[in-house]
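Now for the letters of each chain:
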Amino acid sequence: MLDPIASHVSFPNGCDGSILLADTATFTGEQNAGPNKNSVRGFGVIDTIKARVEAACKATVSCADILALAARDGVNLLGGPTWTVQLGRRDATTASQSAANNNLPSPASSLSILISKFAAQGLSAQEMTALSGSHTIGQAQCKNFRAHIYNDTDINPSFAALRKRNCPASGGDTNLAPLDVQTPNGFDNAYYQNLVAQKGLLHSDQELFDGGSQDALVRQYSTNAALFSRDFVQAMVKMGSISPLTGTSGEIRLNCGKVNG
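Values in this document were obtained by computation on a predicted structure and should not be read as measured data. (Residues numbered from 1 in each chain as written. Predicted model: local features only at pLDDT ≥ 70, side-chain atom pairs only at ≥ 80, totals over all residues. Heavy atoms only, no water.)

> Help me understand the state of the cysteines, please; the structure alone is not making it clear to me.
In a disulfide, the sulfur atoms of two cysteines are covalently bonded to one another. Enumeration over the complete set of coordinates arrives at 2 disulfides. Two residues share a disulfide in this structure: Cys-63 and Cys-256, whose sulfurs sit 2.1 Å from each other. Judged by the torsion about the S-S bond (-100°), the Cys-63/Cys-256 disulfide is left-handed. Highlighted residues: Cys-63 in helix H4 (residues 63-77) and Cys-256 in the segment after helix H13 (225-239), separated in sequence by 193 residues. Pair check on accessibility: Cys-63 and Cys-256 agree, each one buried. A sulfur-sulfur distance of 1.9 Å marks the disulfide that ties Cys-142 to Cys-167. Because the sign of the S-S torsion sets the handedness, a value of about 75° for the bond joining Cys-142 and Cys-167 places this disulfide among the right-handed ones. A residue pair is termed long-range when its members are at least 10 positions apart, and Cys-142 in helix H8 (residues 142-151) and Cys-167 in the loop between helix H9 (157-164) and strand S2 (176-178) qualify at 25 residues. Per residue, the accessibility class of Cys-142 equals that of Cys-167, and both read buried. The connectivity of the disulfides in the chain is 1-4, 2-3, where the numbers refer to bonded cysteines in sequence order. (Disulfide = S-S within 2.5 Å. Helix = DSSP H or I, 4+ residues; strand = E, 2+ residues; numbered from the N terminus. Buried < 20%, exposed > 50% of the residue type's maximum accessible area, 1.4 Å probe, protein only.)

> So what exactly am I meant to see when it comes to unusual backbone geometry here?
Trans peptide bonds make up most of the peptide bonds, and negative phi angles are found at most residues other than glycine. Despite not being glycine, Ala-59 shows a phi value in the positive range, around 55°. On the secondary structure map, Ala-59 appears in the loop between helix H3 (43-56) and H4. Despite not being glycine, Ser-243 shows a phi value in the positive range, around 45°. For Ser-243, a relative accessible area of 48% translates into the label partly exposed.

> Could you clarify how one ought to interpret the packing of H3 against H4 in this entry?
Each packed pair of helices is defined by two parameters, the angle between the axes and the distance between the axes. Two elements in contact, H3 and H4, have axes separated by 10 Å at closest approach and are oriented at 120°. If you check the angle between H3 and H4, you find them oblique. The two elements H3 and H4 meet at a crossing, and its hand is right-handed. Contacts between H3 and H4 pair Ile-46, Ile-49, Lys-50 and Val-53 from the former with Cys-63, Ile-66, Leu-67 and Ala-70 from the latter. Of the residues in the contact of H3 with H4, the class split is 7 nonpolar, no polar and 1 charged. (Axes fitted to C-alpha atoms, helices over the stretch in contact; angles between N-to-C directions. Parallel < 35°, antiparallel > 145°, perpendicular 65-115°, else oblique. Left-handed = near helix turned anticlockwise from the far one by under 90°. Contact = heavy atoms within 4.5 Å. Nonpolar A, V, L, I, M, F, W, Y, C, P; charged D, E, K, R; others polar.)

> Which parts of the structure should I look at to understand the pattern of salt bridges?
Close approach of charged atoms lets side chains of opposite charge pair. Within the structure shown, the criterion is met by 6 salt bridges. The salt bridge partner of Asp-65 is Arg-89, with a shortest N-O separation of 2.7 Å. One end of the pair, Asp-65, is in helix H4; the other, Arg-89, is in the loop between H4 and helix H5 (97-103), and 24 residues separate them in sequence. The pair Asp-65 / Arg-89 is uniform in exposure class, with both members buried. For Asp-73, the salt bridge identified is with Arg-72, shortest N-O distance 2.4 Å. The exposure class assigned to Asp-73 is partly exposed, which follows from its relative accessible area of 35%. Taking the relative accessible area as the measure of exposure, Arg-72 reaches 15% and is therefore buried. (Salt bridge = Lys/Arg side-chain N within 4 Å of Asp/Glu carboxyl O.)

> Help me out: how do you make sense of the packing of aromatic side chains in this one?
How two aromatic rings sit relative to each other is set out by the distance from centre to centre and by the angle between their planes. Counted by the stated rule, this structure contains 8 aromatic pairs. Ring centres of Phe-187 and Phe-232 lie 5.0 Å apart, and the angle between their planes is 55°; this geometry places the pair in the tilted category. A residue pair is termed long-range when its members are at least 10 positions apart, and Phe-187 in the loop between S2 and helix H10 (190-196) and Phe-232 in helix H13 qualify at 45 residues. Residue classification places Phe-187 among the buried residues on the basis of a relative accessible area of 5%. Phe-232 sits in the buried class, given a relative accessible area of 1%. Geometrically, the ring pair formed by Tyr-191 and Tyr-192 is edge-to-face, given 5.0 Å between the ring centres and 80° between the ring planes. Residue classification places Tyr-192 among the buried positions, given a relative accessible area of 0%. (Phe/Tyr/Trp six-rings, centres within 6.5 Å; stacked < 30°, edge-to-face > 60°.)

And the structure:
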């Protein structure tokens, strides 16, 4: 669930662990919002971590902090950078599917929409482009890139043909393809090299390199892995501090999938 750890976790209402709250008969959370449904995964991993933390140190470490730490460690274990995670977040006692639908950019987003969605969270266009580098790992469903590979012209023809093998014009909506065709299981700057070669999997990916304001930065990141790593870390730290719950706000959830009580 690492790709989504970035904007999917922080954008709806801040970095408050709200995405972990499961739907119930009387509660609808963020997990089935359009940008999240069947895309944000790995909740069981967080549950396992939380159970071990609770056994060692009860009601002390929030699910929101565990998510932030898991994102950092996942990046690092896959060959990416590491950074100091600010701690002390508390967990939300509710979640908003409408906020997730409204605040998260879709795979069909234009560059202007991407910039505005990130700006609404206090993040610059440069930080948006750096954070998009998290798409160097993870996978996307056919339904989220079908229009790009069949209809768009800003795509390498051989790459489009490759992706069509596993993503028919109709059907196969949940078939998966790696967001990074070069090194799908390694955290590096290959994502930007893909964009320069017109091999971005999502329409919203390729929008970062399509004659617009982010072209020059994408070119820089494609040839300078150290610059990308530096900017990515700075943007992740900044995003991790979006509207945290602290002090007596929220709670320390004992089970990440449901509120206490």
